Each structure stands twice: as C-alpha cells, then as structure tokens.
Amino acid sequence: MNTHTTPLTDAQQLDRADPLGLCRDWFDLPQGLVYLDGNSLGALPRCTAQRVAHTVQHEWGQNLIKSWNAAGWFDAPQRIGDLIAPLIGARAGEVVACDSTSVNLYKVLHAALMQQKAGSQKRVVLSERSNFPTDLYMAQSLCAQHGFELKLVSWPELPRAIDQSVAVLMLTHVHYRSGRMHDMAALTQAAHAAGALAIWDLAHSAGAVPVDLHGAHADYAVGCGYKYFNGGPGAPAFVWVNPKHANSFSQPLSGWWGHAQPFAFTPDYKPASGVGQYLCGTQPIVSSVALQAGLELFAQLAGGMQALREKSLALTDLFMQLVDEQTQGAWQLVTPREHTLRGSHVSYTCAEGGYAFVQALIARGVIGDFRAGDESAPFEEDRLPILRFGFAPLYNSYCDVWQAAQHIGEVLRTGEWRCAKYQVQSAVT
Ligand SMILES: Cc1ncc(COP(=O)(O)O)c(C=O)c1O
C-alpha cells in the first residue's frame, strides 16, 4: 500500500496562515485530543465555567429569586434568540431559545398542520426516511393525532414527491448521517408552489454553514444549542417562525411562559404575540447561561459565518484528500465532495469494522462517531454504516485534520480495530 501522505508541515503552514486560528484558544480542549465530534456535542468555551459559576453562586446563591428580574433570567430565551438570529438569516425578535429540538419540532409541525387543516385537503407530511429519527417520531405522533400521513422518501425522490397532496415539507438541512446539504431555497420554493409549508431542522447547519431563512422564504425552523453553538450537553434548542405567519400560527403546548401576561395568573390561555408564544414552562437557566456564553463567541468573530464556512470547507477538503491518501480505497466517501452540497461533517463507510474502527480511533485520541445503517431501507445510502467526523471551524485546526488522517491510516494498516475491546457496544455510539 502506498503510504505517502501530505507532510505535517503543510498542515502547520495552513494553521499559521489561518485567520481564525486564534479562536481555538477560546476553548478548553484537552491537550493532544483531536476532537471531531462538535457536530454532536460542541467543545467547552473557556468563558463558560466562570459564567455558569457566577450564575450558580451569585445570581442563584446570593440573589435567589430576585435574579429572575435582576439577572435577566426571565428574558433569557429572547436574548439568546437574538444572538442566534443573525447566524441563521433571521431578525431580532424572531427566535427564542427553549426546550429541546424534538419539542420545538413538535410545536412548529403542529402549527403548520393546523394552518393547512384549516384551508385544504392536503394530508401528507413529506420527509426523508433517513431524517433524524426524532423528527420522524414527532411527525408520526402528530399525523396520527390529526389525520395526516407521513410520507418518507430518499433524497433523490424529493423533488418529484413534492406534489399537491403535500401539506408540510419537513427536512433537516444538513443530513445527520451523510452530511449532504439540501438546497433550502429551491425545496422551499417547490413546497410553496405545491401549496405546502416548509419546516427546516438546522441541527447540523446552525453555527456551521451560513443559513438564510428569510432569503429562502422558509416557514419554520428549529435547531440545537449543544452542537456547533457549543452550549453544553442538554443546552436549550431554538425555534424560528417566519413573521408572515404571525397571525396564523399556534402553539400546542400552551404553558404559562407563552402566555401574553404570565404574571396576571388568569385562568384562560392567551398567547403572547410573535415567537414568544413558543415558550412553554420555566426554562433551564444554568444551561441557558452556558448557551449564551457559547453564542457570544460568534458575535466576536471577524468575518462571521462566511469566514467559518470558508475554513470549514478548507478543513473538510483537506480531510477528504488525506483520508484518500491513507485509506487507498478501503473507505468510501459518503458525503458529496461538491461544496454547495455539504455541511461541516464528513462521512465514510467501510466494508467491515465501522463501529470498532471509531472505537480504536477514540482510544488513540481522535474522537469521531459511528451511525449504524438502516438495513431495511430501500435506498442504498441509507443502509450504509457511517463513520462520521465533524469539523468545527472555530476550534479545529489543519493539524487536527492531519493527525486524524494519520491515525486512520495507522489503524487501517495495523488492523488494531479487530481487537475484542473495540467490538463492545456502548449505549451512546
Ligand atoms: C437533525 C437532528 N434533529 C434533532 C436532534 C436532537 O434533538 P434533541 O435535541 O431533541 O435531542 C438531532 C441530534 O443529533 C439531530 O441530529
């Protein structure tokens, strides 16, 4: 096997020239670790521990309940939403950070279904069979409750499947397995032409690729706080509603935080105006503070999302090139190479040892993850086991890329992934 690879000095040179290189120091990453899982759980910003400690010790410990007002706890969902808005092509006041992505998806899909139920005979919610399962589970529940049908297709079938029967097109912008990125504007336009509404899950795009919700004329969007926003495990998610639906959208989880006057304590629910009605109950303030700390880093970034995108593409291009050199055809790239068709993670498949391979890499200090294939899927890509590597341009370096590829090559050549300890499946893969 030809093991000649691009030298480390090339990656070092790229790091020296990287305009975002200093951002890595904003994060508290363990020395020597190559962390390629920021698409699952973002790294810890250095400022977060202090911010959280202040909230716990001072705001909670000393000021107790006064902090709902004095420390701005009550307004946290809107304040954090305003930090997210410019990163996803939304405007101030249109986003709230709250609950989980699953719960927020439930809210917006319900809203879209109710809008359609009122006006038409459309009965189909259209999505990808390989969409992230929680999106499908939420849709299954709502379809069963409200007399809709969930229709699942593969990505090549999508354009033809967007027909007059479709009430709602519900997609994840960057696919969690393949890393393939949909053309949000084109698919939203096709949905609208068919009289459908478009909901976008931005879990793998928010903070990783520039998103333009208004430019795409999207209807609803949700996304995660704990991936590229670096908000920490279980960080609040977010939800956006196009203001054109301001007078027609609803909220099925009509809790008191979404009430127009929560502290009037009236017996009847009266929704707040705008996206504020998407709040339900008391929000996790400690987690919200951590998310805010993560998001404030984006506000300091010279060049914004465009600069991050350029680096993300450069990192992933280099990774693809080096993995090609190291694996010599033993791994097949699943993610499209073309820039416009992909997000910020890169996925491979291999004939044997996918899960064990990732475990062997983790043991060497290179953290990626594994996603099993759906063996009963009719579309081949959905059946493939996936080895997934996420690149967070805020803190990943070109040397990370080089080290990761080097370890991949060594694990392949030594066959160490065959070791029994790497075959043991943990609960979280
Ligand atoms: C596309 C997508 N949607 C939703 C989720 C998770 O939703 P939740 O935050 O509710 O667990 C993920 C998690 O990885 C995801 O990839």
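To be clear, the structure that these remarks concern was listed above.
Now for a quick tour of the structure.

### Here's the deal with the site of the ligand
1) Next: Residues in contact with the ligand amount to 13 residues; listed here are only the nearest, S102, D201, H204, Y226 and K227.
2) Next: Here an oxygen atom of the ligand sits 3.4 Å away from a polar atom, N or O, in the main chain of T101.
3) Next: A distance of 2.7 Å is found between a nitrogen atom of the ligand and a side-chain nitrogen or oxygen belonging to D201.
4) Next: Its free accessible area being 400 Å², the ligand has 85% of it covered by the protein chains.
5) Next: Sorting the residues of the shell around the ligand by element identifies α5 (101-119) and α6 (133-146) as the ones contributing at least two each.

### Observations regarding the packing of aromatic side chains
1) Next: Enumeration according to the criterion identifies 20 aromatic pairs in this entry.
2) Next: Ring plane angle 55° and centroid distance 5.3 Å describe the contact between F319 and F389, whose orientation is recorded as tilted. Linking F319 in helix α10 (residues 304-327) with F389 in strand β13 (residues 386-390), this pair joins segments that are 70 residues apart in sequence. F389 shares its class with F319; the two are buried.
3) Next: Pairwise contacts between aromatic rings join W68, W73, F74, W256, W257, F263 and F265 into one cluster.
4) Next: A cation sits over an aromatic face here: R123 above F148, 4.5 Å from the ring centre.
5) Next: The ring of W155 is capped by R180, whose NZ or CZ atom sits 3.5 Å from the centre of that ring.

### Here's the deal with the sheet that holds strand β7 (residues 220-223)
1) Next: Here seven strands make up an open sheet; going across it, the order is β2-β8-β7-β6-β5-β3-β4 and the pairing mixed. Two strands lie at the open edges of the sheet, namely β2 (95-98) and β4 (149-153), each paired on one side alone. Between one strand and the next, the sheet's axes are offset by a mean angle of 20°, whatever the strand orientation.
2) Next: Across three bridges, the pairing between strand β6 (residues 197-201) and β7 is parallel. Bridged to W200 within β7 is A221.
3) Next: In this fold helix α4 (residues 76-84) packs onto β2 and β8 (237-241), with an angle of close to 120° to the strand it touches most, β2.

Parameters at a glance
Residues numbered from 1 in each chain as written. Predicted model: local features only at pLDDT ≥ 70, side-chain atom pairs only at ≥ 80, totals over all residues. Heavy atoms only, no water. Near = heavy atom within 4 Å. Polar contact = N/O pair within 3.5 Å; in protein donor to acceptor, adjacent residues only side chain to side chain. Areas by Shrake-Rupley, 256 points an atom, 1.4 Å probe, with all protein chains shown as cover. Helix = DSSP H or I, 4+ residues; strand = E, 2+ residues; numbered from the N terminus. Phe/Tyr/Trp six-rings, centres within 6.5 Å; stacked < 30°, edge-to-face > 60°. Buried < 20%, exposed > 50% of the residue type's maximum accessible area, 1.4 Å probe, protein only. Lys NZ or Arg CZ within 6 Å of the ring centre and 35° of its normal. Pairing = 2+ DSSP bridges. Axes fitted to C-alpha atoms, helices over the stretch in contact; angles between N-to-C directions. Contact = heavy atoms within 4.5 Å.

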